[in-house]
Amino acid sequence: AIRPMTFLTVLLALFVERVLRQHRPQRQHRWFDSYCGQLMRTTFAQWLMTRPWGGVIALLPPLLLIAWLQSFFAELGAPFALVFGVVVLLNSLGPGDLGDEVERFIAARDGDRGEDPDLIAAELCLGEVPTAEPRRSLAVARGVLILAARRLIGPIFWFAVFGAVGAAAYRTILLLGERLQDGTCPPEMRHNSDQMQRIADWAPARITAAGYAVAGNFDAVAHAWRTFEHTPDGPFDEAEQLLAHTGLAALDTLPDDMAEFAEHRGESIEAGLMPPVVEDALALVWRNLAMWVTVIAGGSLIAALA
């Protein structure tokens, strides 16, 4: 059940994230870099991480500390628990600001800034970045629809389910996967870390995809979901493919609809001719987020009245 304080915690965290931007944490997670460095240097930790559930055990020390602090602040009273929850959730979001990065890309793409749009697109695309429009914008939109689950919906979902320790667990699992993508890391460690990430992403991906159906074209998303087939050899894993498939369907901007722009592959396209797929993707993400925050508000109200 959603706890009564959950909605207020989520609302305050998002208020700081979107409005009081100067006060949000940097989220560089240097402490976790040091922790992962110790894991990769310690023989026992390397052996442990090659076991199927070794990654879970490896993450237990920081998560047990957060769980104890969550219980400790809850005993002190609601204001202390609220502050602790906001701090942990803020550090579990991101790490980058999705809205800011998308706005930077749009400005660079349209020539309003001196920045290279390809470099910004590389931060948003999870695969290869096309160099020509509108395929680059389509790839960025697809990345935005996927990253929304990891940066926003995922941490909030696990926070609503398990509190601060849930959001922290989700973020540390993703961070572990990023830090272990190193040539010196045993392949078994990377494989088991990827499996943990797939498990952690399973529910948030489907929650986000359901939100795309409600906030976008419901019939198109329902059809895309029914006909979705995971392609293991593709550049994305199952959750990422589902999010891209349903998210683009919600926008009515599937790749087939871009065929009329194919002849412009090697040419520059005027801003007026550019389909607003990136802008629409970001707007869909905000509608999706607002919808799920409203659901959490309803659940918190019911829990408070029960």
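Further up the page is the structure itself.
Rules used throughout
Residues numbered from 1 in each chain as written. Predicted model: local features only at pLDDT ≥ 70, side-chain atom pairs only at ≥ 80, totals over all residues. Heavy atoms only, no water. Helix = DSSP H or I, 4+ residues; strand = E, 2+ residues; numbered from the N terminus. Buried < 20%, exposed > 50% of the residue type's maximum accessible area, 1.4 Å probe, protein only. Contact = heavy atoms within 4.5 Å. Areas by Shrake-Rupley, 256 points an atom, 1.4 Å probe, with all protein chains shown as cover. Phe/Tyr/Trp six-rings, centres within 6.5 Å; stacked < 30°, edge-to-face > 60°. Axes fitted to C-alpha atoms, helices over the stretch in contact; angles between N-to-C directions. Parallel < 35°, antiparallel > 145°, perpendicular 65-115°, else oblique. Nonpolar A, V, L, I, M, F, W, Y, C, P; charged D, E, K, R; others polar. Expected span 1.5 Å × (residues − 1). 1 Å grid on protein atoms, 1.4 Å probe; cavity = no way out; pocket = protein on both sides within 12 Å on 5 of 7 lines; lining within 4 Å. Points joined across faces, edges and corners; volume = space filled by probe spheres on them.

1. Points about the overall build of the protein chain
If you tally the helices and strands in the protein chain, you get 13 helices and zero strands. The secondary structure elements of the protein chain, listed N-terminal to C-terminal, are α-α-α-α-α-α-α-α-α-α-α-α-α. Expressed as a percentage of its 306 residues, the buried residues of the protein chain come to 48%. Across the protein chain, the fraction of contacts at a sequence separation of at least 24, relative to all contacts at a separation of at least 6, is 72%. In the form shown here, the protein chain has an accessible surface area of approximately 15100 Å², with 62% of it arising from carbon and sulfur atoms.

2. As for the packing of aromatic side chains
Within the structure shown, the criterion is met by seven aromatic pairs. Both rings, one in Phe72 and one in Phe73, keep their centres 5.5 Å apart while their planes meet at 70°; by these two values the pair is edge-to-face. For Phe73, a relative accessible area of 22% translates into the label partly exposed. Centre to centre, the rings of Phe73 and Phe84 are 5.0 Å apart; their planes meet at 20°, and the pair counts as stacked. Of this pair, Phe73 sits in helix H4 (residues 54–76) while Phe84 is found in helix H5 (residues 78–92), placing the two residues 11 residues apart along the sequence.

3. As for the packing of helix H12 (residues 238–251) against helix H13 (residues 277–305)
Put simply, H12 and H13 touch, their axes get as near as 10 Å, and they point 105° apart. Taken together, the axes of H12 and H13 are roughly perpendicular relative to one another. Two secondary-structure elements touch here, H12 through Gly247, Ala250 and Leu251 and H13 through Val277, Asp280, Ala281 and Leu284. Of the residues belonging to the contact of H12 with H13, the class tally is five nonpolar, one polar and one charged.

4. With respect to H13
With 29 residues, H13 should reach 42 Å at 1.5 Å per residue; the first-to-last C-alpha distance of 42 Å fits that figure. Listing the buried residues of H13 in full gives Val277, Val278, Ala281, Leu282, Leu284, Val285, Asn288, Leu289, Val293, Ile296 and Ser300. The secondary structure elements touched by the buried residues of H13 are helix H1 (6–18), helix H6 (98–109), helix H8 (135–162), helix H10 (187–215) and H12.

5. A word on the environment of Ala224
Structurally, the position occupied by Ala224 is in helix H11 (residues 218–226). Not counting chain neighbours up to four residues away, the residues in contact with Ala224 comprise His245, Thr246 and Ala249.

6. Remarks on the layout of surface pockets
Estimated volume of the second largest pocket: approximately 390 Å³. Around the second largest pocket sit 18 residues that line it, and Val56, Ala169, Ile173, Met196 and Ala200 are the ones nearest its centre. Elements with a minimum of two residues in the lining of the second largest pocket: H4, H8, helix H9 (164–179) and H10. For the lining of the second largest pocket, the per-class residue count stands at 15 nonpolar, three polar and no charged.

7. A word on empty space enclosed by the protein
Applying the stated criterion across every chain, the model contains two cavities of 30 Å³ or more. Around the largest cavity, the lining residues are Glu17, Arg18, Gly94, Gly96, Asp97, Leu98, Gly99, Arg151, Leu152 and Trp286. Those elements that provide at least two residues to the lining of the largest cavity are H1, H6 and H8. A per-class count over the lining of the largest cavity returns three nonpolar, three polar and four charged. Approximately 50 Å³ is the volume attributed to the second largest cavity. Ile146, Ala149, Arg150, Tyr170, Asp201, Pro204, Ala205, Asp237, Ala239, Glu240 and Leu243 together form the lining of the second largest cavity. Within the residue set of the lining of the second largest cavity, elements represented by two or more residues are H8, H10 and H12.

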